[in-house]
Amino acid sequence: MHDIKWIREEPEGLIDALVRRGTPETEARSLVSSLLSLDERRRAGIVKLEELQARRNAASKEIGAAKKAGDNARAEALMAEVNGFKTEIPAIEEDVKAAEAELNDTLAAIPNAPLAEVPFGKDEHDNVPFDAAPHAEIEGSALPMPAIRAYGFTPKQHFEIGEALGWMDFEAAAKLSGARFVVLKSQLARLERAIGQFFIDAHTEQHGYTEVAPPVLVKDEAMFGTAQLPKFREDQFRAGEDMWLIPTAEVPLTNLVAQSILSEDELPLRFTALTNCFRAEAGAAGRDTRGMIRQHQFSKVEMVAITAPEKSLEEQERMLACAQAVLKQLGLHHRVVTLCTGDMGFASARTFDIEVWLPGQNAYREISSVSTCSDFQARRMNARYRPKDSKGPRFVHTLNGSGVAVGRAMVAILETYQNEDGSVTVPDALVPYMGGRTRIAAN
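Residues numbered from 1 in each chain as written. Predicted model: local features only at pLDDT ≥ 70, side-chain atom pairs only at ≥ 80, totals over all residues. Heavy atoms only, no water.

1. Brief notes about the packing of helix 2 (residues 11-20) against helix 3 (residues 25-68)
One way to put it is that helix 2 packs onto helix 3 with a least axis distance of 9 Å and a crossing angle of 140°. In terms of orientation, helix 2 and helix 3 fall into the oblique class. Considering how the two elements wind past one another, helix 2 and helix 3 form a crossing that is right-handed. Across from P11, E12, L14, I15, L18 and V19 in helix 2, the residues of helix 3 making contact are E25, A28, R29, L31, V32, L35 and L36. For the contact of helix 2 with helix 3, the per-class residue count stands at ten nonpolar, no polar and three charged. (Axes fitted to C-alpha atoms, helices over the stretch in contact; angles between N-to-C directions. Helix = DSSP H or I, 4+ residues; strand = E, 2+ residues; numbered from the N terminus. Parallel < 35°, antiparallel > 145°, perpendicular 65-115°, else oblique. Left-handed = near helix turned anticlockwise from the far one by under 90°. Contact = heavy atoms within 4.5 Å. Nonpolar A, V, L, I, M, F, W, Y, C, P; charged D, E, K, R; others polar.)

Okay, structure coming up:
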């Protein structure tokens, strides 16, 4: 959420941010003008209230003085004036509340401002390759990039492999829940569990994240704080009157610091969680209708960091290194791109996407997004810290990244490690999690 004081002082800054995100300039200027008008109406109303309240208090005192002096006419005039405030003040209070509510609702629907270094563009075709530097402190970060494997046969897609094994059942899931669900069985169910456990162990034991087991049902306030609400309501699954199934563990993990003031010594905070996630995929009709790429329910390991503003860009690249490290340890070839302004998420100030190579599709597909949200989410959830060299608190910066999506990692493993006979070789890093099994086969 944007600071109205910043917009008041630098309106061109928001106009530029909106234009870079694809809003026509005339529309951006109209929106900013509307925001400033609402702000002026709110502020003028507050000033008027203060004046009327001060005059009411003074008049009330003058009534007593007039009566004491025997000036009944003045006392009656003052009482009439005070009685008039009983209707005038509440009316102005209501107008201030209405202006403030409209202002906040409008601000809540405006996306974050892209950082200056984010490339300008319209969609994924304008994303720019990013050469991520290894981080010495991140185990696995310095491993070489796994090569694209050569096959002596035509690689199959993951759902062809899983269905041939008999352990990936989309029809059974459709009977239970409808489209975009899957039932995994036997060794594929074990593989999914193994991938999630490997990721969470890597991030906690190697990368310094604190594991959290959060609720997967959250309130309206939590979804507003991380900006899923109100703009993306149709993409979410509602559960009851004011509860939602989480689309990502980013929601509960980031909201752990909502409505709080941290000390600078506590930063950075790094959280990770393995949870089920739920997305309506309202805007994905006709896309990835087969397979596990785009499901309503999926498991994912999420990383969240809370930092001081000066550290957020450095922390983002560290988080990227953590996500890449687990993919390198699994031997999965991938690349990193910086998303352009037209492809960024609503709350993001800068995003790196990791795209894994899928031999069966002969294409790169997103497997992780790593974003810094600057203070955009922190303002929505009132998350602050107290710097050592400052009396007043400041908003923290929040970051999030997939570390990584378990289902998409399974897709990449099945396609990358497939064999001509239909079996799948288990990556070395997962063998301990598979009970020593080195190969997945029907018999």
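Further notes follow.
2. With respect to the packing of aromatic side chains
A complete count under the given rule lists seven aromatic pairs for this structure. Ring geometry for F232 against F346: centres 5.4 Å apart, planes inclined by 80°, an arrangement best described as edge-to-face. In this pair, F232 is assigned in the loop between helix 8 (220-225) and strand 6 (237-238) and F346 in the loop between strand 11 (334-338) and strand 12 (350-358), connecting sequence segments 114 residues apart. Residue classification places F232 among the partly exposed positions, given a relative accessible area of 28%. Stacked on the ring of F224, the Lys or Arg R380 has its end atom at 4.2 Å from the ring centre. (Phe/Tyr/Trp six-rings, centres within 6.5 Å; stacked < 30°, edge-to-face > 60°. Buried < 20%, exposed > 50% of the residue type's maximum accessible area, 1.4 Å probe, protein only. Lys NZ or Arg CZ within 6 Å of the ring centre and 35° of its normal.)

3. Some details on the UniProt feature "binding site: ATP" (unreviewed entry) in the chain
Cross-referencing UniProt, the feature "binding site: ATP" (unreviewed entry) maps to R279, A280, E281, E366, I367, S368 and S369 in the present numbering. Of the annotated positions mentioned, E366 and I367 line the second largest cavity. Relative to the helices and strands, E366 is located in strand 13 (residues 363-372). If near-sequence neighbours (up to four positions away) are discounted, E366 is found in contact with D353, I354, E355 and R408. In this structure the side chain of E366 is engaged in a polar contact, spanning 3.1 Å, whose partner is the side chain of S369. Residue placement: S369 occurs in strand 13. (UniProt positions renumbered as here; feature names shortened; annotations may be inferred. 1 Å grid on protein atoms, 1.4 Å probe; cavity = no way out; pocket = protein on both sides within 12 Å on 5 of 7 lines; lining within 4 Å. Polar contact = N/O pair within 3.5 Å; in protein donor to acceptor, adjacent residues only side chain to side chain.)

4. So, the packing of helix 3 against helix 4 (residues 72-108)
At their nearest, the axes of helix 3 and helix 4 sit 8 Å apart, and the two run at 160° to each other. As far as their axial angle goes, helix 4 and helix 3 are roughly antiparallel. Judged by the sense of rotation from one axis to the other, the crossing of helix 3 with helix 4 is left-handed. For the contact of helix 3 with helix 4, the per-class residue count stands at 21 nonpolar, four polar and 15 charged.

5. A closer look at the layout of surface pockets
In this model, the second largest pocket occupies a volume close to 360 Å³. Along its surface, the second largest pocket is lined by 20 residues, and V182, E192, N276, Q297 and F298 are the ones closest to its centre. Secondary structure elements with two or more residues in the lining of the second largest pocket: helix 6 (170-177), strand 3 (183-184), helix 7 (186-206), strand 9 (269-278), strand 10 (297-307) and helix 12 (406-416). Take the lining of the second largest pocket: its biggest share by element is four residues, from helix 7. By residue class, the composition of the lining of the second largest pocket is ten nonpolar, eight polar and two charged. (Points joined across faces, edges and corners; volume = space filled by probe spheres on them.)

6. Quick word on the sheet that holds strand 1 (residues 128-129)
Spatially, eight strands are ordered 1-11-12-13-16-10-9-4 in an open sheet, and the strand pairing comes out mixed. The open sheet has two edge strands, strand 1 and strand 4 (210-211), and neither has a second partner. Across two bridges, the pairing between strand 1 and strand 11 is antiparallel. Across the sheet, P129 pairs through a bridge with V337, a residue of strand 11. Sheet strands touched by helix 7: strand 4, strand 9, strand 10 and strand 16 (397-405). Its angle to strand 9, the strand with the most contacts, is close to 165°. Of the strands in this sheet, strand 9, strand 10, strand 11, strand 12, strand 13 and strand 16 are in contact with helix 10 (residues 312-329), which crosses strand 16 at around 5°. (Pairing = 2+ DSSP bridges.)

7. Considerations on the side chain of T254
Within the fold, T254 resides in helix 9 (residues 250-254). A relative accessible area of 0% means that T254 is categorised as buried. Setting aside chain neighbours within four positions, we find T254 in contact with T226, V304, I306, Q377, M381 and T398.

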